[in-house]
Amino acid sequence: MWSSELLIIALLLTVECMEVGLNTLNKAATTRGMSNFVFIFYSNALALFFLLPSTFIYHRIKPCRKLYFSMFCRMFLLALLSCSVQILLYFGIEYSNPTLASAMTDLVPAFTFLIALIAGMEKLGLKVKSSMAKFIGTITLLIGALLMTFYRGPPIFSNKSKFSKSFHQLLITTKSNWIIGGFLLGAANFLLALLYIVQAWIINDFPEEFMVTTVTCGLVTIMSAVVGLFAERNPSSWRLKPDLELITICYAAILMVFLRSLIYVWALKKKGPVFVVMVKPLGMVAAVILGVTFLGDVLHVGNVIGGTIIAFGFYSVMWGKAKEEICVEDIGMDSGSATTTVPLLRGESDSA
């Protein structure tokens, strides 16, 4: 049991580090002129090129169940959420930076809890410690995210190496609006939380890893193409060049859309959405290191304070969730012991 959990955690942590790398590459590539609409279309299309043959090979060994219209509608909803998350995320990074993007992902557990509460999947008991911990942690997460968005504070540390300066030259000409970027990233993470819940809903009724990812990726490709054709009408933007833009697209397609989708579906199937979002805050550490090292980002007081508040809120939510699981296990053990002792009591009373 522990070995499987450690494997899932290790894979999720690897995905978080890869995602930070993608955010860094995307920031540099868009600064050099790459269109986010073009990037989203090509990355999903290339990932679909790998997913399609993998799906046929996988389902030749393990036959797939029939895809009903209701299930297709759920996958369409999942693809719509995925496409929206990608557009909001990458435009949010363009207006801000990868460090803020990784910090804002800590909102996903809070949003997941709020959505589950509204949907009746979670219950809030004001007199129960676990429920109060989750509620306080949710509010703390929101406060920390707002602080990082609106307050930067004085600088603490900046990297003055030649390597970071060369990357920083790419960033000084980009659009920069911290507040707009923060709102876009916040909206992206809200939809991401909703996406995890919908994905878990699909997997519970249709636990086919490759089929879910392939259909979703195909629909995302179509949606991004339609949106991109209307939004990006410059023909030169659609011509790929063998430079940082092509590297970013290949990185996103193979390591993120393809591998990340399979890992997430597998982890959601094994442990559920709450376990998957548990490692999200750890990506912020990698984002700060990469941002300061490679992009020449300046570490501000607001980053440290807001990140600390977000981390405290996140682990408060996780502590409450862990307490609830312990209580559920104890109740299950008590009910199990009751079922074994009640027949004995009844037998004694009958014989008496």
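Analysis parameters
- Position labels on residues start from 1 in each chain and follow its written sequence.
- pLDDT decides what is reported in this predicted model: residues at 70 or higher carry local features, side-chain atom pairs at 80 or more are listed and counted, and totals for whole chains, interfaces and linings draw on all residues regardless.
- Side-chain descriptors were evaluated using all non-hydrogen atoms of the structure, hydrogens and water having been removed beforehand.
- By definition, any uninterrupted DSSP run of H or I lasting at least four residues is a helix, any uninterrupted run of E lasting at least two residues is a strand, and each is numbered from the N terminus.
- Each residue gets one of three labels from its accessible area relative to the maximum for its type: buried under 20%, exposed over 50%, partly exposed in between, using a 1.4 Å probe on protein chains only.
- Joining through side-chain atoms within 4.5 Å is the link that ties buried Ala, Val, Leu, Ile, Met, Phe, Trp, Tyr and Cys residues into a set, and such a set is a nonpolar core.
- The contact criterion used throughout is that any non-hydrogen atoms of two residues lie within 4.5 Å.
- Only rings of Phe, Tyr and Trp enter the pairing, Trp through its six-membered ring, and a pair is recorded when the two centres are within 6.5 Å. The plane angle decides the type: under 30 degrees is stacked, over 60 is edge-to-face, the rest tilted.
- N or O atoms within 3.5 Å of each other form a polar contact, as long as, within protein, one can give a hydrogen and the other can take it, and as long as residues adjacent in sequence are counted only when both atoms are side-chain atoms.
- The term salt bridge refers to a pairing of a side-chain nitrogen on Lys or Arg with a carboxyl oxygen on Asp or Glu at a separation within 4 Å.
- In this analysis an axis means a line fitted to C-alpha atoms, helices contributing only their contacting stretch, and an angle means the value between N-to-C directions, from 0 to 180 degrees.
- For classification purposes, angles smaller than 35 degrees are called roughly parallel, those larger than 145 roughly antiparallel, those between 65 and 115 roughly perpendicular, and all remaining angles oblique.
- Handedness of each helix crossing follows the sense of rotation of the near helix against the far helix: counterclockwise by less than a right angle gives left-handed, clockwise gives right-handed.
- Throughout, the ten residues Ala, Val, Leu, Ile, Met, Phe, Trp, Tyr, Cys and Pro are labelled nonpolar, Asp, Glu, Lys and Arg are labelled charged, and all others, Gly among them, are labelled polar.

### Section: the overall build of the protein chain
In step 1: Within the protein chain, the secondary structure is distributed over 13 helices and two strands.
In step 2: Burial statistics for the protein chain: of 352 residues in total, 50% are counted as buried.

### Details of the nonpolar core
In step 1: Leu 12, Phe 39, Tyr 196 and Ile 202 are the most contacted members of the largest nonpolar core, which totals 72 residues.
In step 2: Those residues in contact with Ile 202 that sit more than four places away from it in its chain are Met 71, Arg 74, Met 75, Leu 78 and Val 212.
In step 3: Membership of the second largest hydrophobic core comes to nine residues, among which are Ala 47, Cys 217, Val 257 and Phe 258.

### A look at the packing of aromatic side chains
In step 1: According to the stated counting rule, one finds 10 aromatic pairs in the structure shown.
In step 2: Here the aromatic residues Phe 41, Tyr 42 and Trp 238 are joined through ring pairs into a cluster of three or more.

### A look at the side chain of Ser 224
In step 1: Mapped onto the elements of the fold, Ser 224 is located in helix 9 (residues 209–231).
In step 2: The exposure class assigned to Ser 224 is buried, which follows from its relative accessible area of 3%.
In step 3: The contacts of Ser 224, once residues within four sequence positions are left out, are Ile 40, Phe 41 and Cys 83.

### Some thoughts on the side chain of Ser 316
In step 1: With respect to the helices, strands and loops of the structure, Ser 316 is situated in helix 13 (residues 301–351).
In step 2: A polar atom in the side chain of Ser 316 sits 2.8 Å from the backbone oxygen of Ala 133.
In step 3: Apart from residues no more than four positions distant in its own chain, Ser 316 is found in contact with Ala 133, Lys 134 and Gly 137.

### So, the pattern of salt bridges
In step 1: Under the definition given, this model contains two salt bridges.
In step 2: Among the salt bridges present, the one from Glu 19 reaches Arg 260, with a minimum N-O distance of 3.7 Å. Separated by 241 residues along the polypeptide, Glu 19 in helix 1 (residues 2–31) and Arg 260 in helix 10 (residues 244–271) bring together distant segments of the chain.
In step 3: For Glu 19, a relative accessible area of 11% translates into the label buried.
In step 4: A salt bridge links Arg 74 to Asp 205; its shortest N-O distance comes to 2.6 Å. You can see Arg 74 sitting in helix 3 (residues 69–95) and its partner Asp 205 sitting in helix 8 (residues 178–205), a full 131 residues away along the chain.

### What about the environment of Asn 204?
In step 1: As for its placement among the helices and strands, Asn 204 is situated in helix 8.
In step 2: Judged by its relative accessible area of 64%, Asn 204 is exposed.
In step 3: Separated by 65 residues in sequence, Asn 204 and Lys 269 have C-alpha atoms that sit 7.4 Å apart.

### Examining the packing of helix 5 (residues 107–118) against helix 8
In step 1: In the contact formed by helix 5 and helix 8, the axes pass within 8 Å of each other and the chain directions differ by 55 degrees. The orientation of helix 5 with respect to helix 8, classified from their angle, is oblique. Both helix 5 and helix 8 take part in a crossing whose hand is right-handed. Here Leu 107, Val 108, Phe 111, Thr 112, Ile 115 and Ala 116 of helix 5 come into contact with helix 8, specifically with Gly 186, Asn 189, Phe 190, Leu 192, Ala 193, Leu 194, Tyr 196 and Ile 197.
In step 2: Split by residue class, the contact of helix 5 with helix 8 holds 11 nonpolar, three polar and no charged.

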